[in-house]
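Listed below are the residues making up each chain.
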Amino acid sequence: MIYPTILCGGSGTRLWPLSRKSYPKQFAPLLGDQTLFQASALRLRGDEFASPVVLTNSDFRFIVTEQLSEIGIDPGAILIEPEGRNTAPAVLAAALHLMATDPDAVLLVAPSDHAIPDAAAFRAAVERGLAAVAAGQIVTFGITPSRPETGYGYLELSAQPDTSGAPIALTRFVEKPDLARAEAMLAAGNFLWNAGIFLFRAADMVAAFEAYAPEVLAPVRAAVENAHTDLGFLRLDPTAWAKAPDISLDYAVMERATNLAAVPFSEEWSDLGGWDAVWAAQAQDEAGVATSSGATAIDCEESLLRSESDGVELVGIGLKNVIAVAMNDAVLVADMSRAQDVKKAVDALKVRKAPQAVQFPKDHRPWGWFETLALADRFQVKRIVVHPGAALSLQSHHHRSEHWIVVQGTAKVTIDDKVQLVTENQSVYIPLGAVHRMENPGKVPMVLIEVQTGSYLGEDDIIRYDDVYARGQGAKG
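Rules and cut-offs
As a convention, each chain's residues are numbered from 1 in the sequence order in which they are written. Totals for whole chains, interfaces and linings use all residues, but because this is a predicted model, local features are given only for residues with pLDDT of at least 70 and pairs of side-chain atoms are given and counted only at 80 or more. Here the side-chain values reflect all heavy atoms present in the structure, with hydrogen atoms and water set aside. UniProt positions are given in the numbering used here, feature names are shortened, and annotations may be inferred rather than shown by experiment. Axis definition: a line fitted to C-alpha atoms, limited for helices to the stretch in contact. Angles are taken between N-to-C directions and run from 0 to 180 degrees. Numbered from the N terminus, helices here are DSSP runs of H or I no shorter than four residues, and strands are runs of E no shorter than two. When an angle is under 35 degrees it counts as roughly parallel; over 145 it counts as roughly antiparallel; between 65 and 115 it counts as roughly perpendicular; any other value is oblique. Rotating anticlockwise by less than a right angle from the far helix to the near helix defines a left-handed crossing, while the corresponding clockwise rotation defines a right-handed one. We call two residues contacting when some pair of their heavy atoms lies within 4.5 Å. Categorising residues by exposure relies on relative accessible area from a 1.4 Å probe, with only protein chains included: less than 20% of the type maximum marks a residue as buried, more than 50% marks it as exposed, and the intermediate range marks it as partly exposed. Each C-beta atom gives one direction from the helix axis, and the arc is the one those directions make. What counts as a ring pair is set by centres within 6.5 Å for rings of Phe, Tyr and Trp (its six-membered ring), and what kind of pair is set by the plane angle: stacked under 30 degrees, edge-to-face over 60, tilted for all other angles. By definition here, charges over rings are those cases where NZ of Lys or CZ of Arg is within 6 Å of the ring centre and within 35 degrees of the ring normal.

- Looking at an unreviewed UniProt entry, one finds the chain named mannose-1-phosphate guanylyltransferase and attributed to Rhodobacter aestuarii.
- In UniProt, the chain has this text filed under Catalytic activity (unreviewed entry): "alpha-D-mannose 1-phosphate + GTP + H(+) = GDP-alpha-D-mannose + diphosphate".
- According to the UniProt record, the Sequence similarities (unreviewed entry) comment for the chain reads "Belongs to the mannose-6-phosphate isomerase type 2 family."

Put into structure tokens, the structure is as follows:
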């Protein structure tokens, strides 16, 4: 049995404004109706796979369960990282956790934000790697290069791949090259793009950390041994986890280990590491233009036009080699050749303390989501959507009162000692300081408009008295 292990904590700033720290690209439907995370989970489903193990952070834990539920997948363990420490501690934590119940566990570790359209071909590649794993090798997957790419790391193989796609001994890892070096590696034929996907026995990976990175092993082992369950999640111990070095799996282990093999993969693959990669992965017209719904191209060439917000129409006229991405709170316009510089824009917005740098317009919560429709000095208007059967925390506010107008469905509203049902076109007032809660007792999403008035309207003005999601105090808990 193979345990799919999905790494799901990255921020994906190179796909800003769609991907932001509060809601990164793996949770967005970039290439179809499914999100990248959902597509990753579905790719690793079958008789040979156990339920997926997911590593994520506290803010994303309910998004993970919601998106897996939408595609009919019941997850295995969901490990909550107290803070981001890169891929080495995350992969080791999964290996240690699975070894505790299955000493022979085989892990397939994969990012949650890659695009691999031919899932069957990928599963076949995994199957080809199992013999090497059984022999005690740690297997990585490399993509047959189609061009002299300077944005990827490479794997140097001991021999050129043949048509069988069998594993080949891995000689070394190569950092992102300059163009001349990339052209030479492409011509040599024994180099693959490093996909960052790994297949191994948990025991072999733990042994590799013992040999090459014991400074990582000790704190991560303590974090796993002292982990505690929280509503079905497994929270790694934060004190021990904070002592783990911030280091990638490649640097900690893979570049030092000698029992390595690579499985070549020649089908379509992309890490979607920039808007130029998204453009290349999308369907294009005869002029090389890729558009989304809500986007119109007139006399454009080799360009990407995407509207990511309902009601926002994006029109491009006479554009060439341009990326244009529009949302209701931010717009990106860039030359296609500067796609990797989008991160610089995010850094510049952070310096200006612009909320758009990190905060997604829709704030996703375990009960649903909300977005701000209007914000001024002493009032704010929100649209709030609550999932069927979900409930917000029992709470109060120090600085604001609220009006709720139900526009779809029915709300069960608690205000101090009074409980009432509020249906479409009805409203209710929550005075400042009142202890209140909103629930959706129905079977369809409940939508309401909230008007807040007061001297301070921040999300941290919440005192929680009871919460079915055990979030504690603070804006999200």
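Now, onward.
### Concerning the packing of helix H1 (residues 36-43) against helix H2 (residues 61-70)
- Relative orientation of the contacting elements H1 and H2 amounts to 60°, with a least axis distance of 10 Å. In terms of their interaxial angle, H1 and H2 are classed as oblique. Crossing hand, H1 versus H2: right-handed. Taken together, the residues of H2 that come into contact with H1 (itself represented by Phe-37, Gln-38 and Ala-41) are Val-64, Gln-67, Leu-68 and Glu-70.

### A few points about the UniProt feature "domain: Nucleotidyl transferase" (unreviewed entry) in the chain
- Residues annotated in UniProt with the feature "domain: Nucleotidyl transferase" (unreviewed entry) correspond here to residues 5-286.
- For the annotated span residues 5-286, helix accounts for 34% and strand for 21% of the residues, and the straight-line distance between the end C-alpha atoms is 39 Å.

### Regarding helix H11 (residues 342-351)
- Those residues of H11 not exposed but buried are Val-342, Val-346 and Leu-349. Mapping the buried residues of H11 onto a view down its axis gives an arc of 60°, with all of them on the same face. Opposite the packed face of H11, turned more than 90 degrees from it, sit the exposed residues Lys-344 and Val-351.
- Buried-residue contacts for H11 involve helix H10 (275-281) and strand S17 (331-335).
- At the C-terminal side of H11, Lys-353 shows a positive phi close to 60°.

### Things to note about the packing of aromatic side chains
- The full count for this structure, using the stated rule, is 11 aromatic pairs.
- Centroid distance Tyr-23 to Phe-360: 5.0 Å. Interplanar angle 40°. Geometry classified as tilted. Of the two residues, Tyr-23 sits in the loop between strand S1 (2-7) and H1 while Phe-360 sits in the loop between H11 and strand S18 (362-365), which places them 337 residues apart along the sequence.
- A relative accessible area of 10% means that Tyr-23 is categorised as buried.
- Both rings, one in Tyr-152 and one in Trp-269, keep their centres 5.3 Å apart while their planes meet at 65°; by these two values the pair is edge-to-face. You can see Tyr-152 sitting in the loop between strand S5 (138-143) and strand S6 (154-157) and its partner Trp-269 sitting in the loop between strand S11 (260-265) and H10, a full 117 residues away along the chain. Side by side, Tyr-152 and Trp-269 carry an identical accessibility label, which is buried.
- Above the ring of Phe-370, the side-chain terminus of Lys-382 is found at 4.0 Å from the ring centroid.

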